[in-house]
Amino acid sequence: MLHVLSHMPEAATAVVSDMDPPYRYKRLFKRFVLLTLVCSVVPLLLVGWIISNRYQRSAETRVMAAFRNEIQHHRKVIELFLKDHRSKLELMAQSNGRQDFLQPGRLRSLFDLFNQDRLTLTDLGVIDADGNHLAYVGPYDLLDKNYAETHWFKMVMEKGLYISDMFMGFRREPHFIIAVKGHDAIGPWILRATVYTEGFRALVENVMIGRTGEIFLVNREGVYQTTSRYSGRIMENASMTVGPVHPGIQVRQEASDAGFNGERSVRQIVSTAWLETPQWMLVVRQDYAEAFAAENRANLSVLVFLLISAATILGATILVTRHMLDLVKRRDVQAETLNRQLMQASKMASIGELSVGVAHEINNPLAIISTEREILIDASQKASGMDPSFSTQLDSAMHQIDVQIQRCKRITHNLLRFSRRTESVIDTVDINAFISEVIDLMEREARSSGITFFERLSPDVPPILSDLSQLQQVFLNLITNAIDAHEDKRYGSVAISSTYLESEKTVEIVVSDTGCGMSQETLVRVFDPFFTTKPMGRGTGLGLSICYSIIKGLGGQIDVKSVPGQGTDFIIRLPLRKSDRTGNAMPPANQMEQAA
């Protein structure tokens, strides 16, 4: 037995050493959060990136298509404008001969007819094969001008139709002309019209494409044919590279050139298309940031959504992880408590076995002492001539020896009953006698703590049918708690009373103490498993829970009343007969054996 007890501390040390240290919870927390983020946030961000990338590509396709449609529309408008004027001049040249134009007022009437809807021509003139004006209508004095050496004159005489680039000419201001060659009996002649420059420029320059967009025309030499919104003025050299004439429409991204306003270069979308006649390049361009403003806002919204989602997942992960770790910690505490309970049970079992051995060892000397006492009494009775005073003292001593032997027997009997582990047996129990035995067992420990017991047992209490061993466990636990409640006091009392409630056929036992009492919060949880107010290592939190279960199992009920600082009352009510599950009263064990 001593050998078994000597190994108990080592077992306890092994159990404690196997417990998870506090730093492991932090490691588990970090690992769980990291694993959750890898399994949830990373796929979320990856899917978001894929969606954003595909949306960006789709947006680029839409924007490029919009630029293609934009430049295609404006090219058609400009070409229709030039084609309309060219067709009108060709019709005039084919419908009228040189002599018709020389008739007074004929050229003026044609000029007014041309501009009747809106001002589209600045002047109109007829020029012979030598480059001299034959007739002229317009605001300039050009009748004496000769054009034989001009580029446009040579091109018209060569091709029959020519639309010039913007040039200064005799007017000393930017303009361009449309000229058509005619034939008659005298020879070739030219019908020349100067397009109203401001009207044509308005057709191009007044088109607004957002805040940073612009549209303009340049010729093959890179000279502006219209004024750019940001880059340069008409007849100035463009800073952009014109490149060769290309078919169709091109859309590209490039850094913008620093124009006349001195703005720094930014990324732009540039769309270009060449007119057939004249070969001017139509340019439509806009800052990339503005062209993709809607798409960028959508991407930003997606990014914000992803970040909020990731933050939400992170927050939820932290909260869930903390909750789970709290559950793990509580389970670990419960496991540790159960381990301590098992160790305590093992210790109590060892102590019980030791108590049995000690009780038997004490009973043997007691039997010898009792036998020797009887021998001494018999010898004293046979002896003659004994001094009466000595005989009286001897009788008193023999009586005292008998009293102490009976007391030792009661103590060993209680030890044997305490250490006995038998199955639950329902039998007749004298409650008052039982309470007296428990008090006798606990009285010495109580006196060492300054605690006084008071018995208030009613003689009207009848015997009950119950389990004596389980009742011992309940009252030993309640009395131990009552003694512990006086830890901070130098003295106190524990009162146990019994009363028979005839109307309810129950026996009421009240265990009252004058200890520290309990708060309302403690009273609510006093019967909960693993709940204790004692320091770590002083209690398991199972005592009152087991008491509650035992009393309920015996068909009774247990309640508690307490006032902080004044004391606590545990009220137990036990039926006279314990009922089975069908509600029938169960007979005593000896009657059940006889019936069997």
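Anyway, here's the lowdown on the structure attached to this text. (Residues numbered from 1 in each chain as written. Predicted model: local features only at pLDDT ≥ 70, side-chain atom pairs only at ≥ 80, totals over all residues. Heavy atoms only, no water.)

**Looking at the packing of aromatic side chains**
In this description, a pair of aromatic rings is defined by centroid distance and the angle of the planes.
For step 1, the next point in the chain: Scanning the model with the defined rule gives 11 aromatic pairs in all.
For step 2, the next point in the chain: Plain terms: the ring middles of Phe216 and Tyr224 are 5.3 Å apart, the flat faces sit at 75 degrees to each other, and that makes the pair edge-to-face. For the residue pair Phe216 and Tyr224, the accessibility class agrees, reading buried in each case.
For step 3, the next point in the chain: An aromatic cluster of three or more residues is present, and its members are Phe81, Phe176, Phe200 and Trp280.
For step 4, the next point in the chain: Here the basic side chain of Lys88 rests over the ring of Phe114, its NZ or CZ set 5.1 Å away from the ring centre. (Phe/Tyr/Trp six-rings, centres within 6.5 Å; stacked < 30°, edge-to-face > 60°. Buried < 20%, exposed > 50% of the residue type's maximum accessible area, 1.4 Å probe, protein only. Lys NZ or Arg CZ within 6 Å of the ring centre and 35° of its normal.)

**A look at the pairing of strand S6 (residues 214–218)**
For step 1, the next point in the chain: Across the five residues that make up S6, a large majority, five, are buried.
For step 2, the next point in the chain: Alternating positions in S6 separate into two faces, Glu214, Phe216 and Val218 on one and Ile215 and Leu217 on the other, with burial throughout.
For step 3, the next point in the chain: As paired strands, S6 and strand S9 (residues 281–287) are joined by five bridges and run antiparallel to one another. Opposite Val218, over in S9, you have Met281 as the bridge partner. (Helix = DSSP H or I, 4+ residues; strand = E, 2+ residues; numbered from the N terminus. Pairing = 2+ DSSP bridges.)

**A closer look at the pattern of salt bridges**
For step 1, the next point in the chain: Evaluated as defined, the whole model comprises 12 salt bridges.
For step 2, the next point in the chain: Asp84 is the salt-bridge partner of Lys88, the closest N and O atoms lying 3.4 Å from each other. Here Lys88 pairs with Asp84, and both are found in helix H3 (residues 22–95), just four residues apart, close to one helical turn.
For step 3, the next point in the chain: By relative accessible area, which is 33% here, Lys88 ends up partly exposed.
For step 4, the next point in the chain: Given a relative accessible area of 32%, Asp84 falls into the partly exposed group.
For step 5, the next point in the chain: With a closest N to O distance of 2.9 Å, Glu508 and Arg573 form a salt bridge. In this pair, Glu508 sits in strand S14 (residues 506–513) while Arg573 sits in strand S16 (residues 567–575), placing the two residues 65 residues apart along the sequence.
For step 6, the next point in the chain: Using a relative accessible area of 16% as the deciding quantity, one classes Glu508 as buried.
For step 7, the next point in the chain: Here the residues in one salt-bridge network are Glu198, Arg201 and Glu205, joined through shared partners. (Salt bridge = Lys/Arg side-chain N within 4 Å of Asp/Glu carboxyl O.)

**With respect to helix H14 (residues 543–553)**
For step 1, the next point in the chain: Three or more residues of H14 are buried, namely Leu544, Ser545, Cys547, Ile550 and Ile551.
For step 2, the next point in the chain: Following H14 by one or two positions, Gly555 has its phi on the positive side, about 85 degrees.

**Details of the nonpolar core**
For step 1, the next point in the chain: Core analysis: the biggest nonpolar cluster contains 48 residues, and Leu89, Phe176, Leu191, Phe200 and Ile269 have the highest contact counts within it.
For step 2, the next point in the chain: Look past the residues within four positions of Ile269 in its chain and what remains in contact with it is Val63, Met64, Phe67, Val251, Arg252, Gln253, Val284, Arg285, Gln286, Tyr288, Ala291 and Phe292.
For step 3, the next point in the chain: In terms of nonpolar packing, the next biggest core, distinct from the first, is built from 40 residues, Ile431, Ile451, Val507 and Leu523 among them. (Core = buried A, V, L, I, M, F, W, Y, C linked by side-chain atoms within 4.5 Å. Contact = heavy atoms within 4.5 Å.)

**Some words on the sheet that holds S9**
For step 1, the next point in the chain: Spatial ordering of the open sheet is given by S6-S9-S8-S7, a layout of four strands whose pairing is antiparallel. What marks the edges here is a single partner per strand, and that holds for S6 and strand S7 (249–255). Taking the axes of each pair of neighbouring strands and ignoring which way they run, one obtains an average angle of 25 degrees across the sheet.
For step 2, the next point in the chain: Against the sheet, H3 engages S6, S7, strand S8 (267–274) and S9, with an angle of about 40 degrees to S8. (Axes fitted to C-alpha atoms, helices over the stretch in contact; angles between N-to-C directions.)

**Thoughts on a nonpolar patch on the surface**
For step 1, the next point in the chain: Taken together, the side chains of Leu300, Leu303, Val304, Leu307 and Ile308 make up a nonpolar region of the molecular surface, amounting to roughly 470 Å² of accessible area.
For step 2, the next point in the chain: By the element assignment, Val304 lies in helix H9 (residues 293–382). (Patch = residues over 30% accessible without salt bridge, like charges linked within 9 Å, V, L, I, M, F, W, Y side chains within 5 Å. Areas by Shrake-Rupley, 256 points an atom, 1.4 Å probe, with all protein chains shown as cover.)

**Regarding the environment of Val560**
For step 1, the next point in the chain: Locating Val560 in the fold gives a position in strand S15 (residues 557–563).
For step 2, the next point in the chain: Assessed through its relative accessible area of 18%, Val560 is described here as buried.
For step 3, the next point in the chain: C-alpha of Val560 to C-alpha of Ile572: the two residues are 12 residues apart in sequence and 8.8 Å apart in space.
For step 4, the next point in the chain: If we ignore the near neighbours within four places in the chain, the residues touching Val560 are Met518, Leu523, Val526, Phe527, Thr568, Asp569 and Phe570.

**Some words on unusual backbone geometry**
Leave glycine aside and you will find that most residues have negative phi; peptide bonds, for their part, are mostly trans.
For step 1, the next point in the chain: Residue Thr277 is joined to Pro278 through a cis peptide bond whose omega torsion reads -5 degrees.
For step 2, the next point in the chain: Of note, Pro278 is situated in the loop between S8 and S9.
For step 3, the next point in the chain: At Met235, a residue that is not glycine, the phi angle is positive and equals roughly 75 degrees.
For step 4, the next point in the chain: Along the polypeptide, Met235 turns up in the loop between S6 and S7.
For step 5, the next point in the chain: One non-glycine residue, Lys505, lies in the positive phi region at around 55 degrees.

**What to know about helix H6 (residues 151–159)**
For step 1, the next point in the chain: Of all the positions in H6, only Trp152, Phe153, Met155 and Val156 are classed as buried. Down the axis of H6, the buried side of the element spans an arc of 165 degrees, and every buried residue falls inside it. Exposed positions of H6 whose direction lies more than 90 degrees from the buried face are His151 and Glu158.
For step 2, the next point in the chain: Positive phi shows up at Gly160, right after H6, with a value of about 90 degrees. (Arc of directions from axis to C-beta.)

**Some details on the sheet that holds S14**
Two strands in a sheet stick together by hydrogen bonds in their backbones, pointing the same way (parallel) or opposite ways (antiparallel).
For step 1, the next point in the chain: Here we have five strands laid out as an open sheet, ordered S11-S13-S14-S16-S15, and mixed in their pairing. A strand with exactly one partner marks an edge of an open sheet, and here the two such strands are strand S11 (451–457) and S15. Across the sheet, the mean angle from the axis of one strand to that of its neighbour is 15 degrees, orientation sign disregarded.
For step 2, the next point in the chain: One ladder, built from seven bridges, connects S15 with S16; its direction is antiparallel. By the bridge assignment for S16, Ser562 is matched with Thr568.
For step 3, the next point in the chain: Contacts from helix H11 (residues 431–448) reach S11, strand S13 (492–501) and S14 within the one sheet, and its direction differs from that of S11 by about 170 degrees.
For step 4, the next point in the chain: Across the sheet, H14 lies against S15 and S16, angled at about 140 degrees from S15, the strand it touches most.

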